[in-house]
Amino acid sequence: MSKVKQMYEDKKTELEETTSNLEDERRKLEGSYMILNAVRKSKIVQGSNLDSAIYYLDKVIKECDIAIDINYAELDDNPLTTI
């Protein structure tokens, strides 16, 4: 049982670190997204490249949200309580 508990704790630590990194990167992406939207709204720069950059940043942010949600779900699921 102690070996299983250690494996769980190791996995939990890894998930916590990954989740923290994902949240940090998501915040950076969201900042970039806001800057690009402000640039588009100010009409300093226009064009399909700017629109594509905003679109893909939004997609990556949504993928980060999904990954973060999955990590939290895995962290909430403690297999040791069912053993």
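In this text the structure is predicted, and so the values were computed from the model without any measurement.

## Quick look at the overall build of the chain
Along the chain, the regular secondary structure elements total 2 helices and 0 strands. Computed over C-alpha atoms, the radius of gyration of the chain comes to 19 Å, more than 25% over the 12 Å expected from 2.2 N^0.38 for 83 residues, which places it beyond the range of a compact globule. In terms of overall dimensions, the chain has C-alpha extents of about 60 × 15 × 15 Å along its principal axes. Taken across its 83 residues, the chain has 17% of its residues classed as buried. Nonlocal contacts in the chain, meaning residues at least 24 apart in sequence, comprise 78% of its contacts between residues at least 6 apart.

## As for the pattern of salt bridges
Tallied over the full model, the rule gives 6 salt bridges. With a closest N to O distance of 2.5 Å, D24 and R27 form a salt bridge. Placement of both D24 and R27 in helix α1 (residues 2-42) is noted, with a separation of 3 residues, approximately one turn of the helix. On the accessibility criterion, R27 (51% relative accessible area) is exposed. Of the charged contacts, one joins E25 and K28 as a salt bridge, the two residues approaching to 3.3 Å between their closest N and O atoms. With E25 and K28 both in helix α1 and 3 residues apart, this pair spans about one turn of that helix. For E25, a relative accessible area of 40% translates into the label partly exposed. One network of salt bridges, in which partners are shared, links R26, E30 and D65.

The rules behind each value
- Residues numbered from 1 in each chain as written.
- Predicted model: local features only at pLDDT ≥ 70, side-chain atom pairs only at ≥ 80, totals over all residues.
- Heavy atoms only, no water.
- Helix = DSSP H or I, 4+ residues; strand = E, 2+ residues; numbered from the N terminus.
- Rg over C-alpha atoms; globule rule 2.2 N^0.38 Å.
- Buried < 20%, exposed > 50% of the residue type's maximum accessible area, 1.4 Å probe, protein only.
- Contact = heavy atoms within 4.5 Å.
- Salt bridge = Lys/Arg side-chain N within 4 Å of Asp/Glu carboxyl O.

In short, the description is geometric, and any link to function would need to be established separately.
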